Structures are given as C-alpha cells and as structure tokens.
Amino acid sequence: MAREAGYDPSMAPLPANVLVIGNDLAISWSDGTETYLPLQALRRLCPCAGCAGERDLFGRLAKPPQKPYTGVSFEVAATSPVGGYALQLFWKDGHSDGLYPWKVLKEWGEKLPELPPLEVKTLLPAL
Ligand SMILES: [Zn+2]
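Note that this is a predicted model, so its numbers are computed, not measured.

Asker: So what's going on with the overall build of the protein? Residues and values would help.
Answerer: Counting its regular elements, the protein contains three helices and eight strands. Mapped from its N terminus to its C terminus, the protein presents α and β elements in the order β-β-β-α-α-β-β-β-β-β-α. Expressed as a percentage of the 127 residues in the protein, the buried residues total 9%. Excluding contacts between residues fewer than 6 apart, the proportion of contacts in the protein whose partners are at least 24 apart in sequence is 40%.

Okay, here's the thing in structure tokens:
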C-alpha cells in the first residue's frame, strides 16, 4: 500500500474491522496488525466522566463512587465508530458514555494499564 504524502508514523493506524470475540474486543488495523482487549478491562477503563471522573477548574479530580457492576456489565451489545477518531461501546447494562479513541485502544493493545483486582463489593451477582 502506497503511503500518502504527509503520512505521520506516530499516528495510530485506522481500524479495518472491530469484532467481539468471546470476552475480547478484537480490532484489526489497516496496517495488518491486530489488537485484543479484554472486555472487563475495557469497561473498567471506561473514559467517560461518570467512570473516570472529571477535573474541576483547579485540576482536582472529582471521581464518583464506582457503581456496582452486574453480570452483563462486561458484555458488549454493540460497537460504533465515532467521528473517525474513537469507538463507542454499548455495554449490555445500558452504559454507553465512554468514547475510546483508536489511538488509546492501539496503545492498550501493546500495554494494558494496570488495574487493581476487582472488588467483590462492586460486583453484583447476575440477575
Ligand atoms: Zn463510563
């Protein structure tokens, strides 16, 4: 594939295909590489203000308490590309506020941020 003039190698490649396979989100990229991300980690890394918190004018992070997850919190009902720069995940418990930039997904595929063990008290039994 010919590279266009002005191609910036630091830019994340474009996603070619997105699939949920078992407990993973699988992304194949335009450069031929593939990324597999565990859905549970993706949900826990949800970048929306409700999950990740918001900084106020003084830079203080206001982080709401984690709402309990349910049995379907780590299952994806649908995915949708947003504006060419991010992926929106629709979780089966109804949460869909998080927009995951492709660049970040690509980085997480190489090195997933460390997550503390899932606390039992935040995990409700499946209904
Ligand atoms: Zn969220």
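Asker: Outline the environment of D24, supporting the account with residue identities and numerical values.
Answerer: Summarising the element assignment, D24 is placed in strand β2 (residues 24–29). Along the primary structure D24 and P38 are separated by 14 residues, whereas in three dimensions their C-alpha atoms are 4.4 Å apart. Beyond its immediate chain neighbours, meaning those up to four positions away, D24 contacts Y36, L37, P38 and L39.

Asker: Report on the sheet that holds strand β7 (residues 86–91), specifying residues and quantitative values.
Answerer: The three strands are arranged β6-β7-β8 in an open sheet whose pairing can be described as antiparallel. The sheet is open, and its two borders are formed by β6 (76–82) and β8 (99–101), each paired with just one other strand. Taken over all neighbouring pairs, the strand axes of this sheet differ in orientation by 30 degrees on average, direction set aside. Two elements, β6 and β7, share six bridges in a ladder whose sense is antiparallel.

Asker: Break down the sheet that holds β2 for me, citing the residues and quoting the values.
Answerer: Pairing is antiparallel in the open sheet, where three strands are placed in the order β1-β2-β3. Of all the strands in the sheet, the pair left with one neighbour each is β1 (15–21) and β3 (34–38). With direction set aside, neighbouring strand axes in the sheet form an average angle of 15 degrees. Pairing of β1 with β2, which is carried by six bridges, proceeds in the antiparallel orientation. Along β2, the bridge assignment pairs P15 with W29.

Asker: Break down the nonpolar core for me, with residues and values.
Answerer: Formed by L25, I27, L42, L87, L89, W91, Y100, W102 and L105, the largest nonpolar core amounts to nine residues. Elements with a contribution of two residues or more to this core: β2, β7 and α3 (102–110). When residues in this core are grouped by element, the largest group, three residues, is from β7. Contact partners of L42, with chain neighbours within four places excluded, come to L25, L37 and L89.

Reading the values: the criteria
- Residues numbered from 1 in each chain as written.
- Predicted model: local features only at pLDDT ≥ 70, side-chain atom pairs only at ≥ 80, totals over all residues.
- Helix = DSSP H or I, 4+ residues; strand = E, 2+ residues; numbered from the N terminus.
- Buried ≥ 20, exposed ≤ 12 C-beta atoms within 10 Å, placed from the backbone.
- Contact = placed C-beta atoms within 7 Å.
- Pairing = 2+ DSSP bridges.
- Axes fitted to C-alpha atoms, helices over the stretch in contact; angles between N-to-C directions.
- Core = buried A, V, L, I, M, F, W, Y, C linked by C-beta atoms within 7 Å.

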